[in-house]
Amino acid sequence: MSDTGSPSSEPYFRLHVFCCTNVRPAGHPRGSCKARGSEPLRNYLKARAKELGVDRVRINASGCLDRCELGPTMVVYPEGVWYHYSSMEDAEEILQEHIIRGRIVERLRLRVDQTELDEIG
Ligand code: FES
């Protein structure tokens, strides 16, 4: 059989997760996700996904996602679901529920029009 070059119907990654690890100088008015602890949280998420054998999911450190005031932030594609997460427990819940089971974690989800964190419990 010859290769026709037609694209596969399956995407290379099932999910693509971008975790902002941007850093800004101290005192910057917007702050940054790294200053709010995003890097160890992203590293935890990536290590746990590997440990659990989660396949076809890419968990990338990203630059600024432009929702700095809500950080640490992550966004999961293809759904385009945004999260604020601030602990290993939050990262684990997003991994277990959304990334593995496909269930959005509403308590950590950021709304499209949300500009402040005080609405998150
Ligand atoms: S610094 Fe993380 S969204 Fe801007």
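What counts and what doesn't
- Residues numbered from 1 in each chain as written.
- Predicted model: local features only at pLDDT ≥ 70, side-chain atom pairs only at ≥ 80, totals over all residues.
- Helix = DSSP H or I, 4+ residues; strand = E, 2+ residues; numbered from the N terminus.
- Buried ≥ 20, exposed ≤ 12 C-beta atoms within 10 Å, placed from the backbone.
- Contact = placed C-beta atoms within 7 Å.
- Pairing = 2+ DSSP bridges.
- Axes fitted to C-alpha atoms, helices over the stretch in contact; angles between N-to-C directions.
- Parallel < 35°, antiparallel > 145°, perpendicular 65-115°, else oblique.
- Left-handed = near helix turned anticlockwise from the far one by under 90°.
- Core = buried A, V, L, I, M, F, W, Y, C linked by C-beta atoms within 7 Å.
- Right-handed = clockwise from strand over helix to strand, strands pointing away.
- Bend = angle between axes of the 7 residues up to and from the residue.

Structural notes on the environment of Thr21
Topologically, Thr21 is positioned in the loop between β1 (15-20) and α1 (38-51). For Thr21, a count of 21 C-beta atoms within 10 Å corresponds to the buried category. When near neighbours in sequence (up to four residues on either side) are disregarded, Thr21 contacts Cys33, Lys34, Ser38, Glu39, Arg42, Ala61 and Ser62.

A look at the sheet that holds strand β2 (residues 57-62)
Consider a sheet: its strands pair through backbone hydrogen bonds, and that pairing is either parallel or antiparallel. Here we have five strands laid out as an open sheet, ordered β2-β1-β3-β4-β5, and mixed in their pairing. The sheet is open, and its two edges are formed by β2 and β5 (109-110), each paired on a single side. When β1 meets strand β3 (residues 73-77), the two strands line up antiparallel, connected through four bridges. Bridging across to β3, Val17 finds its partner in Val76.

A short note on the environment of Ser32
Within the secondary structure, Ser32 is located in the loop between β1 and α1. Look at Ser32 and you get partly exposed, because 19 C-beta atoms sit within 10 Å. Counting along the chain gives 38 residues from Ser32 to Leu70, while the straight-line C-alpha distance between them is 9.3 Å. Residue contacts for Ser32: discarding those within four places in its chain leaves Asn22, Val23, Arg24, Cys68 and Gly71.

Brief notes about the packing of α1 against helix α2 (residues 88-100)
Orientation of α1 relative to α2, taken along the N-to-C sense of each, is 40 degrees, at an axis distance of 9 Å. It follows from the interaxial angle that α1 and α2 lie oblique. Two packed elements cross with a definite hand, and for α1 against α2 that hand is right-handed. Contacts between α1 and α2 involve Leu41, Tyr44, Leu45, Arg48 and Ala49 from the first element and Met88, Ala91, Glu92, Leu95 and Ile99 from the second.

A closer look at the nonpolar core
When a protein is soluble and globular, its nonpolar side chains tend to lie buried together. Counting 19 residues, the largest nonpolar core has Val17, Leu45, Met74, Tyr85 and Ile94 as the members making the most contacts within it. In this structure, Tyr85 is in contact with Leu41, Pro72, Met74, Asp90, Ala91, Ile94 and Leu108, ignoring residues within four places of it in sequence.

Focus: the pairing of β1
With six bridges connecting them, β1 and β2 associate as parallel partners. Residue pairing in the sheet places Val17 in a bridge with Ile59 of β2. In the classification by handedness, the crossover that spans β1, the intervening α1 and the parallel β2 is right-handed.

Considerations on α2
For α2, the principal kink sits at Ile94 and spans about 25 degrees. The complete set of buried residues in α2 reads Ala91, Ile94, Leu95, His98 and Ile99. Each element contacted by the buried residues of α2 is listed here: β1, α1, β2, β3 and β4 (81-84).

Re the pairing of β3
A regular strand carries its side chains on alternate faces of the sheet. Bridge count between β3 and β4: four bridges; the pairing is antiparallel. Across the sheet, the residue bridging to Thr73 is His84, located in β4. Between β3 and the antiparallel strand that follows it, β4, lie three residues; Gly80 among them carries a positive phi value of about 75 degrees.

Nothing here speaks to function; it is all geometry.
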